[in-house]
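# Descriptive structure summary
Each chain is listed here by its residues.
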Amino acid sequence: MKNKQLYLNLLAQLFSFAVSFLISLFISPLIVGTVGKETYGFLGVANNFTSYVMIVTVALNSLAGRFVSVYYHQNRYKETNQYFTSVFYSNVFIVLLLLVPAIVFTLNINRFLNVPTESVQSVKLTFALVFVGFFINLVSSIFSVATFVTNKIYLSSIRTIEANIIRLIIIGISFTLFQPNIVYVALAMLGYYLFVAFTNYRYTKLLIPQIKIQCSSFDIRKVWQLIISGFWSSITALSNVLLQGLDLLISNLLIGVSAMGTVSIVKTIPNMIYQCLGSVMNVFTPQLTISYAKGDIKGMISYLEYACKVVSLLMALPIAFLVVFGKHFFSLWMPTENATLLWILSILSLGELVFAGVVDIMYNMFTVTNNLKIPALATLVTGVLNTVIVFLLLNTTELGIYAVVSVSSILALVRTLIINIPYSARCVGVSPLKFYKIAGKSLLFVIITSAIGSVIAHIGNPASWGLLIFCAGSMCILAIVFEFMLFFSKEEKESLISMLKMELNKFKEKKGGKMV
C-alpha cells in the first residue's frame, strides 16, 4: 500500500510538472517575441523579489509542515492545532507589516531598477500583482500541509494542474483580446494563487478535520519555537538569494537590461528542472517524516536510499536533454536569440544538479532531523563568496553574464561535495562513503543518459520540433529501461512491476464492466 501511494504521488507530481513546463514553454517565447526579452526579464526580477521577502518568512514557515505532521501522527491534536493556528495568524501579521514597504517600492520602482521609460507602468503593475499573489500564498501556505500530513501529494498535483489550466486560460484570453503584456502573466499567476489557496483550504477541511484555526489555540511560544528551529532555514534562504537570486538584479544594475533578459531566458529551463526536483522530492518527504516521527530510523534510511535512486534516474533525463539537445531546443524555442549562447549558459547554470539525487534528499533530511545549522552556514559562506567574486569579475574582466551564471554553480558544487554530503551522512548515522557512492551514481545516470541521447541525436539530427520530441522521447524511454534494469534491486523491480500489473488489471476490469 505504501509503494502504491508512492508511485501514485510520483506520477501525479510528474504529470503536474509536465503541464507547468508545457505552459512555460508556450508562454515564454510568445512574451519575448511580442514585448521583447528586456521586458520579459522583469517577470523574473519580480519573482526574485518575493524570494528576498521570503527570507523574513521562511524561519516561521519552513518547519511548520514538519511539526504539524509529527504531532498529528503522534495523535497530539492540541499541539497540532496550536502550531497550525499560530503559523496562520503570524503570517497575517507579517503581510500587514510588509504591505507598506511593498507599495512604496512598487510606486517608485524606476528609482531602484533600470526600467525602460516605455515599460515603467507595465513593470509597476506586474510587481503589484506579483506581491499580491505572494501575500495570498503566504497567508494560505499553512493549509498546504494537509496533503503532506496525510501523504496524499497527488491531490496537490491535481490542484496544481487545475490551477495551471486557469492560468493558461487567463493568459490566452488576455493575449487574444488585448495587446500582449507581462501584466497579464502576473494577473494569471494571481488567479493561480487564489485557486490554490481555496483548494488547500478545502483539502484541510476534508483530510484533517481535527485541525482548525481557533484564536484560543494561538501560542506565541510555538511561534518562537518555529522561528528558532527555522532560523537556519532563513539563513539558507538568504544564502540562496546571494548564491542564485541576485543574478537578474546584478545583470540589470551592472550589465544592462538586455543582459538581464538573456539571463532570464537562460534560467528558464534550469529553474524548471529545479521545480521538477522539488516536485519529485515532495513525494518522498512525507514518508521520511512519518518514519522519523515513529522512530523507524532503519526504515527511513532504506527508504532514503531508494528515493535517491528514483530521483537520480528522473533528474538525469532533463539534464541530459539540456546537454545533448539544448542547442537544437533553443534554436527552435527562441529563434530570434543566439541559441549557442543560451545553450552554453544553461549548461553552466546546472551546477550541483548533476548530483540531484543526493543533493535534494540531503536538504530534506536536514529538515526532517532538524539539523539545519551546518548546511545553512555552508550555504551562507558560498552565497557571500558568490556575490563578492561576481562583483570582482564584472569589474575586472569581460566575462559579463558568463560570470553571473557560472560562479554560483561552481561554488554550489564544491559545497555539496565537501560539506553537505558528509554532514548529511552524519545526520542519519551512515558512512559518508555511502552518500558519495549515491552521488557518483547520480552522475553516472547523467552520463549514461547523455551518451544514449548523443547517439540518437547523431542519427536523428533533430532540426524540427517533431524530430526533437521523437529523439528526446526515445532517449528518455531507453535510458529509463536500461538504468532501471541495471541499478534497481530485484525487490524494487518486483514492487513496481506488481503495482503496474495491479493497476492494469483494475483498468481492464473497469473497461470490461463498462462494456457489459
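This text goes with the structure placed above it.
Presented here is a report on the structure given in the accompanying data block. (Residues numbered from 1 in each chain as written. Predicted model: local features only at pLDDT ≥ 70, side-chain atom pairs only at ≥ 80, totals over all residues. Heavy atoms only, no water.)

### Looking at a nonpolar patch on the surface
On the surface, Ile374, Leu377, Ile410, Val414, Leu417, Ile418, Ile419, Leu433 and Tyr436 cluster together to form a nonpolar patch covering roughly 740 Å² of accessible area. Elements supplying a minimum of two residues to the nonpolar patch: α16 (373–396), α17 (401–428) and α18 (432–460). Here the element with the most residues in the nonpolar patch is α17; it accounts for five residues. By secondary structure assignment, the location of leucine 417 is in helix α17. (Patch = residues over 30% accessible without salt bridge, like charges linked within 9 Å, V, L, I, M, F, W, Y side chains within 5 Å. Areas by Shrake-Rupley, 256 points an atom, 1.4 Å probe, with all protein chains shown as cover. Salt bridge = Lys/Arg side-chain N within 4 Å of Asp/Glu carboxyl O. Helix = DSSP H or I, 4+ residues; strand = E, 2+ residues; numbered from the N terminus.)

### Some points on unusual backbone geometry
Even without being glycine, asparagine 461 reaches a positive phi, approximately 45°. Relative to the helices and strands, asparagine 461 resides in the loop between α18 and α19 (465–487). Using a relative accessible area of 48% as the deciding quantity, one classes asparagine 461 as partly exposed. (Buried < 20%, exposed > 50% of the residue type's maximum accessible area, 1.4 Å probe, protein only.)

### Details of the packing of helix α2 (residues 37–61) against helix α4 (residues 77–107)
Across the interface, α2 lies against α4 with an axial gap of 11 Å and an inter-helix angle of 155°. Taken together, the axes of α2 and α4 are roughly antiparallel relative to one another. In this structure, α2 meets α4 at a crossing whose hand is right-handed. Across the interface between the two elements, Phe49, Val53, Thr57, Leu60 and Asn61 of α2 pack against Val87, Ser90, Asn91, Ile94, Leu98 and Phe105 of α4. In terms of residue class, the contact of α2 with α4 is made up of seven nonpolar, four polar and no charged. (Axes fitted to C-alpha atoms, helices over the stretch in contact; angles between N-to-C directions. Parallel < 35°, antiparallel > 145°, perpendicular 65-115°, else oblique. Left-handed = near helix turned anticlockwise from the far one by under 90°. Contact = heavy atoms within 4.5 Å. Nonpolar A, V, L, I, M, F, W, Y, C, P; charged D, E, K, R; others polar.)

### Side note on the pattern of salt bridges
Applying the stated criterion across every chain yields a total of two salt bridges. Residue arginine 221 is joined to aspartate 219 by a salt bridge in which the shortest nitrogen-to-oxygen separation is 3.2 Å. Since its relative accessible area comes to 64%, arginine 221 is described here as exposed. A salt bridge links aspartate 219 to lysine 222; the nearest nitrogen and oxygen atoms lie 3.7 Å apart. The class of aspartate 219 is buried, set by a relative accessible area of 7%. The exposure class of lysine 222 is buried, given its relative accessible area of 14%. Overlapping salt bridges bring together Asp219, Arg221 and Lys222 as one network.

### Topic: the side chain of lysine 124
Looking at the secondary structure, you find lysine 124 in helix α6 (residues 120–140). Classification of lysine 124 by relative accessible area gives buried; the value is 19%. Side-chain polar atoms of lysine 124 contact the backbone oxygen of leucine 107, separated by 3.0 Å. Not counting residues within four places of it along the chain, the set of residues in contact with lysine 124 comprises Thr106, Leu107, Ile109 and Asn110. (Polar contact = N/O pair within 3.5 Å; in protein donor to acceptor, adjacent residues only side chain to side chain.)

### Things to note about the nonpolar core
If you look at the biggest cluster of nonpolar residues, it comprises 128 residues, and the most contacted ones within it are Phe49, Leu113, Phe127 and Phe325. At 19 residues, helix α13 (residues 297–333) tops the list of elements feeding residues into this core. If we ignore the near neighbours within four places in the chain, the residues touching leucine 113 are Phe42, Val45, Phe49, Phe127, Leu249, Asn252 and Leu253. Listed in part, the eleven residues of the second largest apolar core include Ile301, Ala425, Val430 and Ala439. (Core = buried A, V, L, I, M, F, W, Y, C linked by side-chain atoms within 4.5 Å.)

### Thoughts on the environment of isoleucine 166
With respect to the helices and strands, isoleucine 166 occurs in helix α8 (residues 153–177). When the C-alpha atoms of isoleucine 166 and methionine 189 are compared, they prove to be 9.1 Å apart, with 23 residues separating the residues in sequence.

### Quick word on the packing of aromatic side chains
Taken as a whole and assessed by the stated rule, the structure comprises 22 aromatic pairs. Between the aromatic rings of phenylalanine 84 and phenylalanine 143, the centroid separation amounts to 5.6 Å while the plane-to-plane angle is 70°, which identifies the pairing as edge-to-face. Placement of the pair is phenylalanine 84 in helix α4 and phenylalanine 143 in the loop between α6 and α7 (145–149), with a sequence separation of 59 residues. Here phenylalanine 84 matches phenylalanine 143 in class, with each residue buried. Both rings, one in phenylalanine 329 and one in tryptophan 465, keep their centres 6.1 Å apart while their planes meet at 85°; by these two values the pair is edge-to-face. Pair noted here: phenylalanine 329 is in helix α13 and tryptophan 465 is in helix α19, with a separation of 136 residues, a long-range link. According to the relative accessible area criterion, phenylalanine 329 is buried, its value standing at 2%. Residue placement shows lysine 222 over the ring face of tyrosine 83; its charged tip is 5.5 Å from the ring centre. (Phe/Tyr/Trp six-rings, centres within 6.5 Å; stacked < 30°, edge-to-face > 60°. Lys NZ or Arg CZ within 6 Å of the ring centre and 35° of its normal.)

### Thoughts on helix α14 (residues 339–348)
By the burial criterion, the buried members of α14 are Ala339, Leu342, Leu345 and Ser346. Buried residues of α14, viewed axially, fall in a sector of 135°; they line one side. Between the side-chain oxygen at the start of α14 and the backbone nitrogen of threonine 340 there is a gap of 3.2 Å, and the oxygen is on asparagine 338. (Arc of directions from axis to C-beta.)

Read these as geometric descriptors, not functional statements.
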